[in-house]
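The residues making up each chain are set out below.
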Amino acid sequence: MADKKNHKNTVPDIWQGGVKYVFLFFIYLIAFISNAADSSNAIDFCNITPLNSQSPLSSLQPNTTSELQAKRGTNQFQLNCLLQRGGVLSFLRPGLDDFTWQQNGVIKQPLKSAQVAFLMDSGNFTAIITVESKLNYTPRFKWQNTQVFFKETQQHNLIMGAFYGLCITLIFYVLIMGYRLHDKIFKLYSAYIFCIGSFILLQEGQLYLFITDNVSSLLFDLYLLSIGLTVLSATWFMCALLELNNRWPKTSKVLKIMAGIVMCFSLIKILFNNTLIWQIAGNIMAYGSLIIVTVIFVLAAQQARKGIREATLVFVALSLVLVSMIFRVLLINQSPFMQRYGFILAFAVESFLLAVAVSRRISRMRIAQKRAETEADYDHLCGILNRRGWGKKSSELIELHAKKGGVLCLMYIDLDDFKQINDNYGHAVGDEALCKVAASLKSIVRTSDAVGRLGGDEFVVLAHFYSKAQVSPKTHHLKIELDKLAITHNDQPIAIKASIGSSVFSEPPKNIDEILKAGDTAMYHEKLQRKVKPLTLVDS
């Protein structure tokens, strides 16, 4: 009995002890994980120290850019890091002649990236970063987790690829439209988009994904050249689009001269490797560009107030560019985001708005061109086709006849004694008679028929019929209706008489001249017949 009792007591004790130990195990596990997490957060650090300047040591924070400055020439930075999982250190590329990462006596190769980037080892290490710079600039050293770096890089390259695709599309679209519409503004816009796209491509460094770092000096020279070309092409394009050449010719000329000066100093920076020259040229290029943008911005505002087409869109676009220029020239170190991405965002939006402005101009020019073509094809007095327009529509009817068969019928109308109406009642009455005949012809013929005035008192109608039996009733009806025509002058009726010659073609005629020659012959035959007997219809 005692053994059973003792056995019963030991079972709960075992359970209680097991639960206690399991509970303690989880407490220790949680504490261990927490300490490991704390230690991992505390263990990662990176310090960077300029070796050839008096600048103090700077602590790099993850995903935060450093504001350390680099002088023109050779700069060395010592990087001391203790990392648990490694990472990537990146910095800006524009303006660099050369750069190296030396660690434990070994030169490390950079990653294939738009910006300069190096993989950072895990653990404790010291590295010497050497940069050869063409100018004073801010490298903006940035330490990131490897996965974060590659994710952001892919996103950035994807966005920039979309921007470059937009630029290429706009260039070809506008060039094609400019060729068709013969407007130099489209050529200027294409040149501007090409220059700004090249400038941003060279600034962002996507070319380094495909080429080696050995050509960095050449690419930087092209970058400087693209700055001058962008300012030059933008100035000429804006002056043309805002019609500044007509409204403010002297101001427009000064702006173009300033743009030319900026272009010249970009070439000077390429040709001369002198610190003083570079500093003077850089200031002239920066402030000159800012002045040009500011002046055009003010003029665009005035043109927008006056209702000049596209001026409002240009004003909005330039406001974004002006803000980005202020951060790039006057507020250099105030916002790293605006310093790098301000231009890109501003020019992306500007390209879109200017594309809308150019599209509007294209639409207007198409409408104007169509209106001009229409006006060129119509007789302004009578409101029907003139010889040019009638010839176009007649060519279409000839093609229809060749495809679908049937017959073509030309009715050639010449007014009788029209000169006497002009001489006796004046040209105003003669014009009224011509308009009366044209209106009557329009009301009689079908919309598919070609009715026109060749000039003077001669009218023609070309119609397509699917059988010859349809021709005679139509020509007879036309003759009857024209024979009824009359106008009134000073309460006195004036009869309008006409000779009508018709010619039927079962086979497609060779050209318009063949049709007119046959119709003219039939009409004069009819006119001779009318002198000796009442009006009849002569078919030939």
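Residues numbered from 1 in each chain as written. Predicted model: local features only at pLDDT ≥ 70, side-chain atom pairs only at ≥ 80, totals over all residues. Heavy atoms only, no water.

(A) How the structure looks around the sheet that holds strand S5 (residues 96–103). Across the sheet, six strands lie side by side as S2-S1-S3-S8-S5-S6; this open sheet has antiparallel pairing. The strands lining the two open edges of the sheet, one partner per strand, are strand S2 (58–60) and strand S6 (106–108). Neighbour-to-neighbour, the strand axes of the sheet open up by a mean angle of 30 degrees, direction not taken into account. Relative to strand S8 (residues 123–133), S5 is paired through six bridges, and the arrangement is antiparallel. Its bridge partner lying in S8, Asp 98 is registered against Glu 132. (Pairing = 2+ DSSP bridges. Helix = DSSP H or I, 4+ residues; strand = E, 2+ residues; numbered from the N terminus. Axes fitted to C-alpha atoms, helices over the stretch in contact; angles between N-to-C directions.)

(B) Quick peek at unusual backbone geometry. Here the phi dihedral of Asn 490 falls at roughly 55 degrees; this positive angle occurs in a residue that is not glycine. In this fold, Asn 490 is placed in the loop between strand S13 (486–489) and strand S14 (492–495). Even without being a glycine, Asp 491 presents a positive backbone phi close to 65 degrees. Take Asp 491: it is sitting in the loop between S13 and S14.

(C) Main features of the environment of Phe 465. Within the secondary structure layout, Phe 465 lies in strand S12 (residues 458–465). Relative accessible area serves as the criterion here: at 4%, Phe 465 is assigned to the buried category. Measuring from C-alpha to C-alpha, the distance between Phe 465 and Ser 506 comes to 9.9 Å, with 41 residues separating the pair along the chain. Apart from the residues within four sequence positions on either side, Phe 465 is in contact with Gly 405, Gly 406, Val 407, Cys 409, Arg 446, Gln 470, Val 471 and Lys 474. (Buried < 20%, exposed > 50% of the residue type's maximum accessible area, 1.4 Å probe, protein only. Contact = heavy atoms within 4.5 Å.)

(D) Spotlight on the side chain of Asn 47. Relative to the assigned elements, Asn 47 resides in strand S1 (residues 45–50). Look past the residues within four positions of Asn 47 in its chain and what remains in contact with it is Leu 57, Ser 58, Ser 59, Gln 78, Leu 79 and Asn 80.

(E) Quick peek at the sheet that holds strand S4 (residues 87–91). The sheet built from three strands is open, its strands ordered S7-S4-S9 with antiparallel pairing. Edge positions in the open sheet fall to strand S7 (116–120) and strand S9 (142–144), since each of these has one partner strand only. Going from strand to strand, the sheet's axes swing by 20 degrees on average, the running direction of each strand aside.

(F) View of the pattern of salt bridges. Summed over all chains, the structure comprises twelve salt bridges. Put simply, Glu 67 and Arg 140 hold a salt bridge, and the shortest N to O gap is 3.2 Å. Of this pair, Glu 67 sits in the loop between S2 and strand S3 (73–83) while Arg 140 is found in the loop between S8 and S9, placing the two residues 73 residues apart along the sequence. For Arg 140, a relative accessible area of 9% gives the class buried. Lys 527 is paired through a salt bridge with Asp 416; the nearest N and O atoms lie 2.6 Å apart. (Salt bridge = Lys/Arg side-chain N within 4 Å of Asp/Glu carboxyl O.)

(G) Summary view of the packing of aromatic side chains. On inspection of all chains with the given rule, the structure shows 13 aromatic pairs. Chaining the aromatic ring pairs together yields one cluster made of Phe 77, Phe 91, Phe 99, Trp 101, Phe 118, Phe 125 and Phe 141. Against the face of Trp 236 rests Lys 256, its NZ or CZ located 4.1 Å from the ring centre. (Phe/Tyr/Trp six-rings, centres within 6.5 Å; stacked < 30°, edge-to-face > 60°. Lys NZ or Arg CZ within 6 Å of the ring centre and 35° of its normal.)

(H) The arrangement of the state of the cysteines in detail. Evaluated as defined, the whole model comprises one disulfide. Between Cys 46 and Cys 81 runs a disulfide, and the two sulfur atoms are separated by 1.9 Å. Between Cys 46 and Cys 81 the disulfide shows an S-S torsion of about 115 degrees. By sign, it is right-handed. Taken together, the residues Cys 46 in strand S1 and Cys 81 in strand S3 connect sequence positions 35 residues apart. (Disulfide = S-S within 2.5 Å.)

(I) Representation of helix H8 (residues 311–329) in the model. Look at H8: 26 Å from first C-alpha to last across 19 residues, which is about the 27 Å you get at 1.5 Å a residue. Among all positions in H8, only Ala 311, Leu 313, Val 314, Ala 317, Leu 318, Val 321, Leu 322, Ser 324, Met 325 and Val 329 are buried. (Expected span 1.5 Å × (residues − 1).)

(J) Spatial organisation of the pairing of S8. Of the pairings in the sheet, the one linking S3 to S8 comprises eleven bridges and is antiparallel in character. Note that in S8 the partner of Gly 73 across the bridge is Ser 133.

(K) Region of the structure containing the nonpolar core. Counting 57 residues, the largest nonpolar core has Tyr 189, Tyr 192, Ile 193, Ile 200, Phe 237, Val 314 and Leu 354 as the members making the most contacts within it. Among the elements of the structure, helix H2 (146–181), helix H3 (184–204), helix H4 (216–241), helix H6 (249–271), helix H7 (275–305), H8 and helix H9 (336–377) are those that each provide at least two residues to this core. Excluding its chain neighbours within four sequence positions, the residues that come into contact with Leu 354 are Tyr 189, Tyr 192, Phe 237, Met 238, Leu 241 and Val 314. Judged by nonpolar contacts, the second largest core, of 32 residues, contains Met 411, Phe 418, Ile 421 and Phe 465. (Core = buried A, V, L, I, M, F, W, Y, C linked by side-chain atoms within 4.5 Å.)

(L) Representation of the confidence of the model for the protein chain within the structure. Per-residue confidence for the protein chain gives a mean pLDDT of 80; residues scoring 70 or more make up 86%. Under a pLDDT of 50 for its full length, residues 28–42 has, in the predicted model, one contact with residues more than four places off or in other chains. Note that pLDDT drops below 50 for residues 534–540; the model gives that stretch 22 contacts with residues more than four away or on any other chain. (pLDDT = per-residue confidence, 0-100.)

(M) Spatial organisation of the environment of Asn 245. Note on placement: Asn 245 falls in helix H5 (residues 244–247). Here Asn 245 is in contact with Cys 239, Ala 240, Ser 252 and Lys 256, once residues within four sequence places are set aside. At 2.5 Å, the side chain of Asn 245 and the side chain of Ser 252 are in polar contact. There is a polar contact of 3.3 Å between the side chain of Asn 245 and the side chain of Lys 256. (Polar contact = N/O pair within 3.5 Å; in protein donor to acceptor, adjacent residues only side chain to side chain.)

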